[in-house]
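Coordinate inspection notes
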Amino acid sequence: MAKDGIVILKQGRETPIQQYHPWVFSGAIDTTRTHTDEIEPGSIVDIRDYRGGFLGRGYFNPQSAIRVRVLSRDQTDAIGPAWWRIRLAQSIARREALARNSDVTAYRLVNAESDGLPGLIVDRYRDYLVIQALTLGIDVVKDILVKALADLVNPAGIYERSDVDVRSKEGIPETTGVLWGETPPEHIIISERGMQYPVDVFTGHKTGFYLDQRDSRGWLLTYPDLAGRDVLNCFSYSGAFSACAAKNGARSVVNVDSSESALELARETLGLNAVSPVEQEYVNADVFDQLREYRDEERDFDLIILDPPKFAHSKSQVEAAARGYKDINWLAFQLLRPGGLLMTFSCSGQVDADLFQKIVFGASVDAQAQAQIIHWLAQPSDHPVLLGFPESRYLKGLVCQVAGL
Ligand code: SAH
C-alpha cells in the first residue's frame, strides 16, 4: 500500500481545522513543502501545521479548490473499509429515533460534512437508499460505502443520483444508476405524519424529494387556522405543501411551477392524500410572471408559500439573488388578504438568515404591508448543521402574518 501523502499548511492556517471546519483550501497549503504532484488524487493524506504537528486526516483532490476534506482528527484512525463502516453506522444511529417512528419512512441518513462524511449524501426512501457522491474522495470508496450500507440497512436497493454539477468542480463526470439490489419502482410512495408522497428517485429533484422541508410540512399540517383558507403554493414541485394545507382544511390550493412533470407529481400527491373536495389548480408558469398576473387581476389569498430554488450559487450572485427574493416577496405581500400568511424560504447558503429577514422586511415595506414573524423554519434534525461549519445551514424560512383589517 502506498504511503499516505502529507499536506503542510501555512503558518496561521491551522485554526479552522482545529475548530472543526472540514475543508482545507488550496491557498492554505504550503506548496513549497507539500509535494502535491506525488499525491494520488482521491487518496488519504495527513494534514500538518507549519511545525509538522498532526491536525487531521482527509481525502485529497488536486483539481478542487477544496484540496482536502477532513475525515478524522485522531492520529490512530486508519481510514479503510472498517473506518468508513463505523462512520456510516454512527450517522445512521443518530437517526434511530426517526427510524423508530413508523410514520416517517423517508429521511436523510448521511448529511455529508455535518455527519463527518464530507461529500456524501445518503437518503432513505422507505426500503430504498439513494446516494449522492459529490467528490472524488467519495467516488473512489463508493464500493466500500455501498457494501457497508447494504449490510447496515439491508435495503431493497441502492440507487445513485450523482448527477450534480458540483462534481465538475472536482473534475469528475455526473453519473446515475443502480449500485446494489433492485431497481426502485417508478414512484416510491413514502409516508410522513399521516401523509403520502410519491417520490421519483430517477428524475426527481435532489435525490427525489425535499426531505429538508419535513418540519415546514409539519407546521402546515398543524397550524390551527387553515380551515377554509385559499392557498397559493409557488414553486410547488410535487405539491407536498399544498397537500398538507389541504389536509389541514384549506378550501383551495393553487400550485405554480414551471415544470409540467412537477405539476403531474403534484396531482398525484393531492390524489394520494384524499383531499379531493379541495379546489385545486395547477399552473404551469414562471412564478415572477404569475404573481404579477394575479396582482393585475386583483386576486388574493390567505396563505402564500414561496419556496424557490437556490438563487445564489456563489458569493458573486448574492446581490442578484437578493433582488429575486425581494421581488417575489414584494409581490406576495401585495396578494395577501388582511391577516394573511406568507411562508417564505431561501435555500441559498450564501444568503444568511439575517440577510434573508432583511430582504423580506424590505419587501414588506415596499408593499406597504406591516407584518409580524410568527414562526421560524429551518432544515430538520436529519439535516444537521455542524457548529464549526455554519455554511451547512442553508434552509431558512419565515412565516409572516400581515396586519388584519
Ligand atoms: N416547495 C417544494 C420544493 C420547491 S423546489 C417542496 O417542498 O417540495 C423549486 C421548484 O421551483 C421546482 O419544482 C422548479 O421546477 C420550480 N421553479 C424553478 N424556477 C421557477 C420559476 N421561475 N417559476 C416557477 N417555478 C420555478
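Rules behind the numbers
- Residues numbered from 1 in each chain as written.
- Predicted model: local features only at pLDDT ≥ 70, side-chain atom pairs only at ≥ 80, totals over all residues.
- Heavy atoms only, no water.
- Near = heavy atom within 4 Å.
- Polar contact = N/O pair within 3.5 Å; in protein donor to acceptor, adjacent residues only side chain to side chain.
- Areas by Shrake-Rupley, 256 points an atom, 1.4 Å probe, with all protein chains shown as cover.
- Pairing = 2+ DSSP bridges.
- Helix = DSSP H or I, 4+ residues; strand = E, 2+ residues; numbered from the N terminus.
- Axes fitted to C-alpha atoms, helices over the stretch in contact; angles between N-to-C directions.
- Contact = heavy atoms within 4.5 Å.
- Salt bridge = Lys/Arg side-chain N within 4 Å of Asp/Glu carboxyl O.
- Buried < 20%, exposed > 50% of the residue type's maximum accessible area, 1.4 Å probe, protein only.
- Phe/Tyr/Trp six-rings, centres within 6.5 Å; stacked < 30°, edge-to-face > 60°.
- Lys NZ or Arg CZ within 6 Å of the ring centre and 35° of its normal.
- Domains from an automatic or database assignment.
- Buried area = accessible area lost by both parts, 1.4 Å probe.
- Nonpolar A, V, L, I, M, F, W, Y, C, P; charged D, E, K, R; others polar.
- Core = buried A, V, L, I, M, F, W, Y, C linked by side-chain atoms within 4.5 Å.
- Expected span 1.5 Å × (residues − 1).

**Overview of the site of the ligand**
Surveying the vicinity of the ligand reveals 14 residues, the closest of which are Phe235, Asp257, Ser258, Val287 and Asp307. The separation between a nitrogen atom of the ligand and a polar side-chain atom of Asp286 is 3.3 Å. Within the backbone of Val287, an N or O atom sits 2.9 Å from a nitrogen atom of the ligand. If the ligand stood free it would expose 590 Å²; the protein chains cover 90% of that surface.

**Some words on the sheet that holds strand S1 (residues 5–8)**
Note: strands within a sheet are paired through backbone hydrogen bonds, in either parallel or antiparallel orientation. Pairing is mixed across the open sheet formed by five strands, whose spatial order is S1-S3-S4-S5-S2. A strand with exactly one partner marks an edge of an open sheet, and here the two such strands are S1 and strand S2 (23–25). Here the average twist between neighbouring strands, direction ignored, is 40°. As defined by bridge partners, strand S3 (residues 44–48) adjoins strand S4 (residues 54–60) across five bridges and the pair is classed as antiparallel. Along S4, the bridge assignment pairs Ile47 with Gly56. With respect to the sheet, helix H2 (residues 81–93) is in contact with S4 and strand S5 (66–72), its orientation differing from that of S5 by roughly 75°.

**Some words on the pattern of salt bridges**
One pass over the full model with this rule turns up 31 salt bridges. Linking Asp30 and Arg33 is a salt bridge whose minimum nitrogen-to-oxygen distance equals 3.7 Å. For Arg33, a relative accessible area of 38% translates into the label partly exposed. With its nearest N and O atoms 2.7 Å apart, the salt bridge here joins Arg292 to Asp327. Separated by 35 residues along the polypeptide, Arg292 in helix H9 (residues 287–297) and Asp327 in helix H10 (residues 318–335) bring together distant segments of the chain. Here Asp327 falls in the buried class, since its relative accessible area comes to 18%.

**Here's the deal with the packing of aromatic side chains**
Going through the model one piece at a time under the given rule, you end up with twelve aromatic pairs. Their ring planes at 65° and their centres at 5.5 Å tell us that Tyr294 and Phe301 sit as a pair that is edge-to-face. For Phe301, a relative accessible area of 1% translates into the label buried. Feature note: the residues Phe288, Phe311, Tyr325 and Phe356 constitute an aromatic cluster, connected by ring pairs. The cationic tip of Arg217 hangs over the ring face of Tyr197; the distance from NZ or CZ to the ring centre is 5.6 Å.

**Things to note about the domain arrangement of the protein chain**
Assigned domains of the protein chain: these are domain 1 (6–72), domain 2 (81–181) and domain 3 (210–402). Domain 2 and domain 3 are separated by 29 Å when their C-alpha centres are compared. Residue-level contacts link twelve residues of domain 2 with nine residues of domain 3. Carbon and sulfur atoms supply 59% of the area buried between domain 2 and domain 3, which totals about 850 Å² over both sides. The largest share of the area that domain 2 buries against domain 3 comes from Arg108, Glu113 and Ser114, three residues that together contribute 46% of it. Counting across the interface, domain 2 meets domain 3 through seven residue pairs in polar contact (both at pLDDT 80 or more). Counting residues per element, the side of domain 2 that touches domain 3 draws most heavily on strand S6 (residues 106–111), which supplies four residues. When the residues that make up the side of domain 2 that touches domain 3 are grouped by side-chain class, the tally is five nonpolar, two polar and five charged.

**Examining the sheet that holds strand S7 (residues 120–125)**
Here we have five strands laid out as an open sheet, ordered S6-S7-S8-S9-S10, and mixed in their pairing. Of all the strands in the sheet, just S6 and strand S10 (175–181) have a single pairing partner and so form its edges. Averaged over all adjacent pairs, the angle separating strand axes in this sheet is 20°, with direction ignored. Pairing of S6 with S7 involves five bridges; the strand directions are antiparallel. Among the inter-strand pairings, Ala106 is bridged to a residue of S7, identified as Tyr125. In the packing of helix H5 (residues 142–153) onto the sheet, contacts are made with S6, S7, strand S8 (128–133), strand S9 (157–162) and S10, and the angle to S8 comes to roughly 155°.

**Quick word on the side chain of Arg108**
On the secondary structure map, Arg108 appears in strand S6. Of the polar contacts made by the side chain of Arg108, one reaches the side chain of Asn111; its length is 3.2 Å. A distance of 2.7 Å separates the side chain of Arg108 from the side chain of Asp123, its partner in a polar contact. Each residue touching Arg108, except ones within four places of it in the same chain, is listed here: Arg95, Ile121, Val122, Asp123, Leu211, Arg214, Asp382 and His383.

**A short note on the nonpolar core**
Within the largest apolar cluster, 42 residues are counted, with the highest numbers of intra-cluster contacts made by Tyr125, Leu220 and Met343. Elements with a minimum of two residues in this core: S8, strand S11 (188–192), strand S12 (195–199), helix H6 (214–222), helix H7 (240–247), helix H8 (260–272), strand S16 (301–306) and strand S17 (336–346). The element that contributes the greatest number of residues to this core is H7, accounting for six residues. If near-sequence neighbours (up to four positions away) are discounted, Met343 is found in contact with Ser216, Trp219, Leu220, Leu303, Ile304, Ile305, Leu306, Leu377, Leu398 and Val399.

**Some thoughts on H5**
In this model H5 runs 16 Å from its N-terminal to its C-terminal C-alpha over twelve residues, within 8% of the 16 Å that 1.5 Å per residue would give. The positive-phi residue at the C-terminal boundary of H5 is Asn154, with phi of around 55°.

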